[in-house]
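# Fold and contact review
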Amino acid sequence: MTEVVEVAVTASENPKPPNWLAARGRALADRVSDMHPAAVFVALAVVVFAVVFGSLGVMNQRNFGTWSYDMGIYDQGFWLVSRGEQFMSVRGMNFWGHHFNVIAFAFAPAYWLGAGPEFLYVVQAIALALGAIPIYLIARDKMRNPWWGLLFAVVYLMYAPVQWISWAMFHPEALVITPFLFAWWFATKERWGWFFAMVLLALSTREDTALAVIMLGLVLAIYMRGAPDYRRVLQRCGATVVLAVVWYVVATKLVLPYYNDGKEPFYITYFYGNYGNDTAEIVKTIITHPNRVVSDAVQHDRLVFYKQMSWPMGWVYLANPLGLLMALPQLLASVIGLSPYARMIRYQYTSVMIAPMMIASIHGAHTLLRVKALRVVLPIWMLLCSFTSNVAWAPSPLGEQANYYVWSRNNPRHDSLRTALTYIPPDASVSASYQLLPHLSHRREVYDWPNPFWASVWGNDDCDHLPDPKTVEYVALDLTQVGSNNQQLFDAMRVDGGPFETVFEDENVVVLHRIGTSAAVDVKPQAESCAILDARHG
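What counts and what doesn't
- Residues numbered from 1 in each chain as written.
- Predicted model: local features only at pLDDT ≥ 70, side-chain atom pairs only at ≥ 80, totals over all residues.
- Heavy atoms only, no water.
- Helix = DSSP H or I, 4+ residues; strand = E, 2+ residues; numbered from the N terminus.
- Rg over C-alpha atoms; globule rule 2.2 N^0.38 Å.
- Buried < 20%, exposed > 50% of the residue type's maximum accessible area, 1.4 Å probe, protein only.
- Contact = heavy atoms within 4.5 Å.
- Areas by Shrake-Rupley, 256 points an atom, 1.4 Å probe, with all protein chains shown as cover.
- Lys, Arg positive; Asp, Glu negative; His and termini not counted.
- Charge placed at Lys NZ, Arg CZ, Asp CG, Glu CD.
- Polar contact = N/O pair within 3.5 Å; in protein donor to acceptor, adjacent residues only side chain to side chain.
- Disulfide = S-S within 2.5 Å.
- Patch = residues over 30% accessible without salt bridge, like charges linked within 9 Å, V, L, I, M, F, W, Y side chains within 5 Å.
- Salt bridge = Lys/Arg side-chain N within 4 Å of Asp/Glu carboxyl O.
- Pairing = 2+ DSSP bridges.
- Axes fitted to C-alpha atoms, helices over the stretch in contact; angles between N-to-C directions.
- 1 Å grid on protein atoms, 1.4 Å probe; cavity = no way out; pocket = protein on both sides within 12 Å on 5 of 7 lines; lining within 4 Å.
- Points joined across faces, edges and corners; volume = space filled by probe spheres on them.
- Nonpolar A, V, L, I, M, F, W, Y, C, P; charged D, E, K, R; others polar.
- Parallel < 35°, antiparallel > 145°, perpendicular 65-115°, else oblique.
- Left-handed = near helix turned anticlockwise from the far one by under 90°.

## Topic: the overall build of the protein chain
- Regarding its fold elements, the protein chain presents 26 helices and 7 strands.
- Taking 24 Å as the expected radius of gyration for a compact globule of 538 residues, we find that the protein chain reaches 25 Å, a close match to that expectation.
- Overall, the protein chain is about 80 × 55 × 50 Å in size when its C-alpha atoms are taken along their principal axes.
- Scored against the burial criterion, the 538 residues of the protein chain give a buried share of 55%.
- For the protein chain, the share of sequence-separated contacts (at least 6 apart) that also reach a separation of at least 24 residues comes to 72%.
- Of the roughly 22,500 Å² that the protein chain leaves accessible, carbon and sulfur atoms contribute 63%.
- Each charge sign in the protein chain was given a centre, from 38 positive and 41 negative side chains, and these centres are 14 Å apart.

## Regarding the side chain of Gln435
- Among the structural elements, Gln435 can be located in the loop between strand 3 (430-432) and strand 4 (446-448).
- From its side chain, Gln435 meets the backbone oxygen of Phe64 in a polar contact 2.8 Å long.
- If we skip the residues at most four places from it in the chain, Gln435 touches Phe64, Gly65, Thr66, Trp67, Asp478 and Gln481.

## What to know about the state of the cysteines
- Scanning all chains against the criterion turns up 1 disulfide.
- Paired by a disulfide, Cys463 and Cys530 hold their sulfur atoms 2.0 Å apart. Between Cys463 and Cys530, the disulfide has an S-S torsion of -105 degrees and is therefore left-handed. Of this pair, Cys463 sits in the loop between strand 4 and strand 5 (474-478) while Cys530 sits in helix 26 (residues 524-536); the two residues are 67 residues apart in sequence, bridging distant segments of the chain.
- On the basis of relative accessible area, Cys463 is assigned to the partly exposed category, the value being 21%.

## A look at a nonpolar patch on the surface
- Taken together, the side chains of Trp311, Val376, Val377, Ile380, Trp381 and Leu384 make up a nonpolar region of the molecular surface, amounting to roughly 570 Å² of accessible area.
- Positionally, Trp311 belongs in the loop between helix 18 (300-310) and helix 19 (328-336).

## Some words on the pairing of strand 6 (residues 500-505)
- When strand 6 meets strand 7 (residues 509-514), the two strands line up antiparallel, connected through 5 bridges. Residue pairing across strands places Thr502 opposite Leu512, the latter belonging to strand 7.
- Hairpin connection between strand 6 and strand 7: a loop of 3 residues separates the two successive antiparallel strands.

## Some words on the sheet that holds strand 7
- Reading across from one edge, 4-3-5-7-6 is the order of the 5 strands in this open sheet, with mixed pairing throughout. Only two strands of the sheet have a single partner each, and these edge strands are strand 4 and strand 6. Averaged over neighbouring strand pairs, the angle between their axes works out to 20 degrees when direction is ignored.
- Across 3 bridges, strand 3 lies against strand 4 in parallel orientation. Its bridge partner lying in strand 4, Ser431 is registered against Tyr447.
- Here helix 23 (residues 412-421) sits on the sheet in contact with strand 5, strand 6 and strand 7, set at roughly 15 degrees to strand 7.

## Quick look at empty space enclosed by the protein
- Across all of its chains, the model carries 1 cavity of 30 Å³ or more by this definition.
- Computed from the structure, the largest cavity encloses a volume of approximately 60 Å³.
- What lines the largest cavity is simply Glu173, Arg206, Asp208, Gln330, Gln348, Tyr349, Ser351 and Val352.
- In terms of residue class, the lining of the largest cavity is made up of 2 nonpolar, 3 polar and 3 charged.

## Notes on the packing of helix 3 (residues 37-62) against helix 10 (residues 160-167)
- Axis separation between helix 3 and helix 10 bottoms out at 9 Å; the angle between their running directions is 40 degrees. Relative to helix 10, helix 3 is oriented oblique. Contacts from Phe49, Phe53 and Asn60 in helix 3 reach Val162, Gln163, Ser166 and Trp167 in helix 10.
- Across the contact of helix 3 with helix 10, the residue classes tally to 4 nonpolar, 3 polar and no charged.

## Section: the pattern of salt bridges
- Throughout the structure, instances matching the rule amount to 19 salt bridges.
- Asp141 is the partner of Lys189 in a salt bridge, and the nearest nitrogen-oxygen pair spans 3.0 Å. You can see Lys189 sitting in the loop between helix 11 (177-188) and helix 12 (192-203) and its partner Asp141 sitting in helix 8 (residues 132-143), a full 48 residues away along the chain.
- Residue Lys189 is classed as partly exposed on the basis of its relative accessible area, which comes to 37%.
- Overall, the relative accessible area of 25% leaves Asp141 in the partly exposed class.
- As a salt-bridge pair, Arg302 and Asp301 come within 3.0 Å of each other at their nearest N and O atoms.

## A word on the packing of helix 8 against helix 20 (residues 351-368)
- Between helix 8 and helix 20, the shortest axis-to-axis distance is 10 Å and the interhelical angle comes to 20 degrees. Taken together, the axes of helix 8 and helix 20 are roughly parallel relative to one another. The two elements helix 8 and helix 20 cross, and the hand of that crossing is right-handed. Contact with helix 8, carried on its side by Ile135, Ile138, Ala139, Lys142 and Met143, involves Met358, Ile359, Ile362, His363, Ala365 and His366 of helix 20 and no other residues of that element.

Right under this line is the structure:
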């Protein structure tokens, strides 16, 4: 495994004529044939993970298991970026005012060719699977034993939070794990060019990954204090910290506010409004009222979160926990935030924490192996923890069936939903219920029902940029998702002489086409919802 990586790196650093490439190709083939058996098993495990979870993701999308938030958001966002546009009607804000996902540009060529949610699921599964390779390399080099590299690669691929990320729609920050791990490995080899390439790739996934990269620079400076040329290491670590700080400040203080009507990132008050109204106030509250942080940190749901994040690794990071500092910013955000999803292993919020936890676990195991008696016990312990936690908590074929069946399977009602979608023209403006929307998101105007008729989780929880409802040409609703609070609006759309006619309907789904307008549909609901939001914001 390491031979393949190192040959690829060397080839890119020393380009030669085409005949040289042929010779290098033969040399690479020879190296692959000489790979250590542990590396071969890691490669096979990577393929199995990618195939299994990529296939499950495709199945989930095809069988209406994805939602407007967040598959619809990122699918429409990437589609818009590939066409030089920016405003996401699904989310009600500019793509670059939502998050600083620079990596979206890398997906543009695929979107020119028609990529969509299924492609995103497959790419995410492959990216997650590839994280096993740098883990193998880090553990092999640290333990000086390839079989330990295989052990940690298996622990990673069996890790319930990783497998849940592959289920929880698509999120750019899920792609941070592999480059972050590679950055660590390249740093330990003092291959700084490749290190910074991986750091930039990690930063491109989302703006707040910069906080983990800041800690990466600081932690590396401590871990590598025994390097022969430590002054050079310190310079590179310092450059990493400076790069990450500049990236974060530019993203959160310049780019996001510029594209978000001069406002701070939406999640500052949405998730952390209990600590303050802006970043400075939130930080001040954390520093001046540490008791609030501690109180939040020991709540029952947080303790469950720590257990489910740590048990699959056997808690071995406790023997050398310094690497956990790289996960601290995201962990703190999860602990103090208002969203309960941020401290559940089922969602993407764990993404930035996983690589630091794996690194800390490898170093913790290395520390524990100083005790001879643990050299046999420790691998058995870790495999038992990995397997049992996967069965109990993961959405894998090995997992407990209630978890595994979160992947949407085909059932007869899906045929109705697929038929209904055929009644909506490719460029039509449409408001759709949340499981239908990811199948309609390659258009400029697609809204998460009941938007734009009633403002619901739109923009910065306001009515800015909310369009005139009369611009909506079609409404597509799974009848189980109309919502009791929206029933009156739905009925007003369908009354005799009303603004919509039914073009398809059965017991599962309805598609409405606009033929007119009415105040009960196109004026009153939006005005009432905006008045409520105005009152909420004072």
